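Chain residues, written in single-letter form:
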Amino acid sequence: MKKTIKNYCFNATQSKLNELYEIALRYTSVKNEVFQRYGSISGLNYLSYPRQIRNEWVKTNYANKFGLQARYWKQAVDEVFSNIKSNWSNGFRKIKNNIYKNKNYTEVEKHYAFYLLKASILLYKAITFQSFDLPEIFKDKDIRRDKIHKYLKSRSRKYLRTKSYQNKNRSFQIDRNMYDIHKDNKGRTWIGIMGLTPRKRVRLQMTSSTESTGNLRIVLKGKHIEIHQAEDIQVNPIEGKDKRAIDKGFSEVITSSSGRKYGEQFNQLLKKESDRLSEKNKKRNKIRALTDKYEKKGDIVKSEIIKKNNLGKRKYFYQKEINLNEIKQFINLSLNRFITEERPAVMVTEDLRFTNWNKKLSKNVKRYFSSWLKGYLQERIDYKVMLNGVQQVVVNSAYGSQICHLCGRFGVRNGDKFYCEVHGVLDADHNAALNYLTRMSDPDITVYTPYRKVKDILQERLRLSNQDSRYSVIKTGQSESERTDYV
Ligand SMILES: [Zn+2]
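The paragraphs below set out a description of the structure included in this document. (Residues numbered from 1 in each chain as written. Predicted model: local features only at pLDDT ≥ 70, side-chain atom pairs only at ≥ 80, totals over all residues. Heavy atoms only, no water.)

### With respect to the sheet that holds strand 1 (residues 2-10)
In spatial order, the strands read 2-6-7-1-5-4-3; together these seven strands make up an open sheet with antiparallel pairing. Edge positions in the open sheet fall to strand 2 (171-174) and strand 3 (179-183), since each of these has one partner strand only. Pairs of neighbouring strands in the sheet enclose a mean axial angle of 35 degrees, with direction left out of account. In this sheet, strand 7 (residues 224-232) lies alongside strand 6 (residues 216-221) in antiparallel orientation, the contact comprising six bridges. Looking across to strand 7, one finds that V219 is bridged to E226. Contacts from helix 3 (residues 70-101) reach strand 2, strand 4 (189-194) and strand 6, with the element oriented near 105 degrees to strand 2. (Pairing = 2+ DSSP bridges. Helix = DSSP H or I, 4+ residues; strand = E, 2+ residues; numbered from the N terminus. Axes fitted to C-alpha atoms, helices over the stretch in contact; angles between N-to-C directions. Contact = heavy atoms within 4.5 Å.)

Right, dumping it as structure tokens:
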């Protein structure tokens, strides 16, 4: 796991800036070229040995047209190919999930599909409908190959990234041979970056000294130059004992299966910012309508004045970023508190990508934050568990917030309350977290069990437990006062 350390340069002359911008531009065009040629299905042929592309380009002088020193375009090719690789492996994982859950295929057919997903060159032949010899283990087996090949083709297309790299991302990567760092006699740190002309480096003064040994990314932002370095993170295991499940709280960041809540008032924080954004955007739309009106009338000057005074992007995005950082900090603090206070050995979560939080978020919050929040929370959880040596288990969350953790009955969730006809009012998030905790060791419900099937299983269990007198204690045993313990 890596984190990014930022360093800054200052006092760059205009000509140095120009040269760096030119490198970034050409570098991006190499990336786009590679991406267009190999980012799609044809790239499968190169997955196992990407260096082939470099070799071909050197042999045919193809890369000359980019006007970059060889190290630069090679770096760009490598960068894109590692993206392409991770696109494919993400895609493969999703396709595997799809196939696993798909009832239309036999076990042998699934096995065959998984086999192809591991052999990229065969997969290429399969989804471009070329003939190839069936691997030995699948001979004499009844497999509808055409059907599987077509399916794999359509899924591959769906999960491949199609957007090209944009030129507004003005950055490029350099390896250790493409820069040098030294201190001058006044103690200032300088970095020399390989330029467009051989043996002539672009020298820049850095704000702080650094001991860079690996790849750097040069990021250009207007007149500012940032130098990003990925650094390995030290893992510090907390050596926890307990198993804990968490649920996104109704108004908190998370609720633990211990019953404790972290990051109270989180929804208010989100709501404040989403309302602000909504209000701001309303105003901006009104102003835009006004400037459009002036432009239609031919009064460009007036339109420009209004735009300049009211539609400044910098301040708008600056404020947005500041507020977003506040939200991020809040999430991180809450997760840190959870880990330091409960010290879990195992942390159970639902698969946040497939989670529906419609009932937990208000309209504006949903509009501005729903998908961002899932992504960010997932990423932070992954990061924190890694950092603290906690084992993470992802469980199937289907109906986890709709059944009572005590008796398995379907209940009604309303806001932060859950109603069970036997056990009365429970805290909804705590109840869900406890259900996720049991899911971890559920013999029948795995992450791959389809939603509908989960419901069938739960209903069947309920039917069996109604027949079984052992459960009658739970059914009738608790008094009103005991119930409130769970609220
Ligand atoms: Zn119950």
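### Regarding the coordination of the zinc ion
The protein atoms that coordinate the zinc ion are C404 (SG), C407 (SG), C420 (SG) and H423 (ND1), at distances of 2.1 to 2.3 Å. Each donor residue of the zinc ion belongs to the same chain, with the gaps between them written as C-x2-C-x12-C-x2-H. With C407 in the loop between strand 12 (391-395) and strand 13 (412-414) and C420 in strand 14 (residues 417-420), this residue pair connects regions lying 13 residues apart in the sequence. For C420, a relative accessible area of 5% gives the class buried. (Donors = N, O, S within 2.8 Å, 3.2 Å for Na, K, Ca; no water. Buried < 20%, exposed > 50% of the residue type's maximum accessible area, 1.4 Å probe, protein only.)

### Some words on the side chain of N267
Position of N267 among the secondary structure elements: in helix 7 (residues 266-297). In terms of polar contacts, N267 uses its side chain to reach the backbone carbonyl oxygen of F250, at 2.4 Å. What N267 contacts, discounting residues up to four positions off in sequence, is K248, F250, S251, K360 and L361. (Polar contact = N/O pair within 3.5 Å; in protein donor to acceptor, adjacent residues only side chain to side chain.)

### As for helix 7
Across its 32 residues, helix 7 extends 47 Å between first and last C-alpha, which sits within 8% of the 46 Å expected from 1.5 Å per residue. Once helix 7 ends, the next one or two residues include G298, with phi positive near 95 degrees. (Expected span 1.5 Å × (residues − 1).)

### Here we look at the sheet that holds strand 15 (residues 424-427)
With respect to topology, three strands assemble into an open sheet ordered 13-14-15, the strand pairing being antiparallel. Only two strands of the sheet have a single neighbouring strand rather than two, namely strand 13 and strand 15. Going from strand to strand, the sheet's axes swing by 30 degrees on average, the running direction of each strand aside. Here strand 13 pairs with strand 14 via three bridges, running antiparallel. If you follow N414 over to strand 14, its bridge partner there is K417. Its contacts with the sheet place helix 11 (residues 428-439) against strand 13, strand 14 and strand 15, and it is angled at close to 75 degrees to strand 15.

### Things to note about the pairing of strand 4
Burial of strand 4 is extensive: six of the six residues sit out of reach of the surface. Covered by surrounding structure in strand 4 are T189, I191 and I193 together with W190, G192 and M194, the residues of both alternating faces. Counting the residues in the hairpin turn of strand 3 and strand 4 gives five residues, including G187, whose phi is positive at 85 degrees. One ladder, built from six bridges, connects strand 4 with strand 5 (residues 201-206); its direction is antiparallel. Across the sheet, the residue bridging to G192 is R203, located in strand 5. Counting the residues that bridge the hairpin from strand 4 to strand 5 gives six residues, and of these R199 lies at a positive phi of roughly 60 degrees.

### Quick look at a positive patch on the surface
A cluster of like positive charges, contributed by K280, K283, K286 and K315, occupies part of the molecular surface. In terms of residue count, helix 7 provides more of the positive patch than any other element does, three residues in total. Along the chain, K315 turns up in helix 9 (residues 313-342). (Patch = residues over 30% accessible without salt bridge, like charges linked within 9 Å, V, L, I, M, F, W, Y side chains within 5 Å. Areas by Shrake-Rupley, 256 points an atom, 1.4 Å probe, with all protein chains shown as cover. Salt bridge = Lys/Arg side-chain N within 4 Å of Asp/Glu carboxyl O. Lys, Arg positive; Asp, Glu negative; His and termini not counted. Charge placed at Lys NZ, Arg CZ, Asp CG, Glu CD.)

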